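# Descriptive structure summary
The primary structure of each chain is shown beneath.
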Amino acid sequence: MFCILLAMCFGVEMDEESIEKVDQMMKSVLIALDPRLDDFLPLLSPFFYKQRKIVQKVRKQQIETLVPLIEKRRKSIQNPDSDKTAASFSYLDTLFNLQIEGRKSSPLDEEIVTLCSEFLNGGTDTSATAVEWAAARLIENQKIQSKLYDEIKTTVGEKKIDEKDIENMPYLNAVVKELLRKHPPTYFALTHAVTEPAKLGGYDIPTGTNVEFFLPGISEDPKIWADPEKFDPDRFYMGREDADITGVTGVKMMPFGAGRRICPGMGIGTVQVTLMLARMVQEFEWLGYPDNGKVDLSEKLEFTVVMKNSLRAKIKPRA
Ligand code: HEM
């Protein structure tokens, strides 16, 4: 997941060692970003002096690691023959000449570093977490796994599933939708704030207030879902229930947020998770390990909501 996003982001080829270095650095960034008490009560910031020093060190390391990649890409655009391995397009290319409202200059390298980090962090753990929960649910419920495998066989036969096949596989899409309903990779969307006094769910929200959206509170609300605790792709497959995942026609689940700041990676994130899951099931039968049918579905909050005990699985190649 990380390698795909890295290639999309920088459009330059990287060796294993450099990928590892960026990966380690991004992990330190995530740890440094953990919310602290002084984020909410700035008055307390003198007591968090040491932690702030650590964050500054991580930021320096982040800039030192990513700026060379930015420079390499800039060079390869200016002189297309300088790097034969460079991709024809990358996310970075869209940032170099970005017009910013109220500013004459395009983003500084340090700002580009932040945007690229957000792109990498936003897409890696979210998608990886979703795939782990998907495998857990298929192990826990072999009937769902068999039904999915049957659909794969009927739709594509012996050939490898690719992106184009997905739209012809309603059960696969139902499994992924149910996955994102029952296991939105993050408990909360990003913090939003109101720019003018608003009313939400009967509450008055004054200007400037931070608003946090607890995603499972919506997607497991018994007032809008039948049997919300149950992992049941059939609710979507049989058409008993539905939900607009983009939130445009109403919000019953919002694993990618909603509105103007909805996840910009929603399309690619969904395709990545769907395709990976389909390929995993196409190639292997997934069983629990060490105990065939039992999976511990306890959750733990890290950057995303991960399995408290990482999934252990036995996989058998399909005959
Ligand atoms: C299953 C996969 C994913 C899930 C569930 C997910 C979920 C989310 C959520 C809930 C938000 C906050 C939206 C808000 O507050 O309104 C968000 C923001 C974001 N996501 Fe994703 N995401 C996924 C994949 C990706 C991918 C693959 C990328 C990059 C290619 C990405 C890049 C971003 C970025 C850059 C933001 C911040 C947007 C902003 O600040 O306006 N995400 N995502």
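Residues numbered from 1 in each chain as written. Predicted model: local features only at pLDDT ≥ 70, side-chain atom pairs only at ≥ 80, totals over all residues. Heavy atoms only, no water.

In this section: the packing of aromatic side chains. All told, the structure shown has five aromatic pairs when counted by the stated rule. Relative to phenylalanine 214, the ring of tyrosine 187 lies with its centre 5.7 Å away and its plane at 50 degrees, an arrangement referred to as tilted. One end of the pair, tyrosine 187, is in the loop between helix 8 (170-182) and strand 1 (192-193); the other, phenylalanine 214, is in the loop between strand 4 (210-211) and helix 9 (215-219), and 27 residues separate them in sequence. Ring centres of tryptophan 225 and phenylalanine 236 lie 5.9 Å apart, and the angle between their planes is 85 degrees; on these two criteria the pair is classed as edge-to-face. A residue pair is termed long-range when its members are at least 10 positions apart, and tryptophan 225 in the loop between helix 9 and helix 10 (234-237) and phenylalanine 236 in helix 10 qualify at 11 residues. (Phe/Tyr/Trp six-rings, centres within 6.5 Å; stacked < 30°, edge-to-face > 60°. Helix = DSSP H or I, 4+ residues; strand = E, 2+ residues; numbered from the N terminus.)

Right, let's talk about the pattern of salt bridges for a bit. This model, assessed by the stated rule, comprises 20 salt bridges. Notably, a salt bridge pairs aspartate 93 with arginine 73, separated by 2.8 Å at the nearest N-O pair. Of this pair, aspartate 93 sits in helix 5 (residues 91-96) while arginine 73 sits in helix 4 (residues 49-78), and the two are 20 residues apart along the sequence. Since its relative accessible area comes to 17%, aspartate 93 is described here as buried. Residues aspartate 81 and lysine 84 are paired through a salt bridge, measuring 3.9 Å at the closest nitrogen-oxygen approach. We classify aspartate 81 as exposed; its relative accessible area is 59%. Under the relative-accessibility criterion, lysine 84 is labelled exposed at 71%. If you follow the salt bridges from partner to partner, you end up with Glu178, Arg181, Arg235 and Glu241 in one network. (Salt bridge = Lys/Arg side-chain N within 4 Å of Asp/Glu carboxyl O. Buried < 20%, exposed > 50% of the residue type's maximum accessible area, 1.4 Å probe, protein only.)

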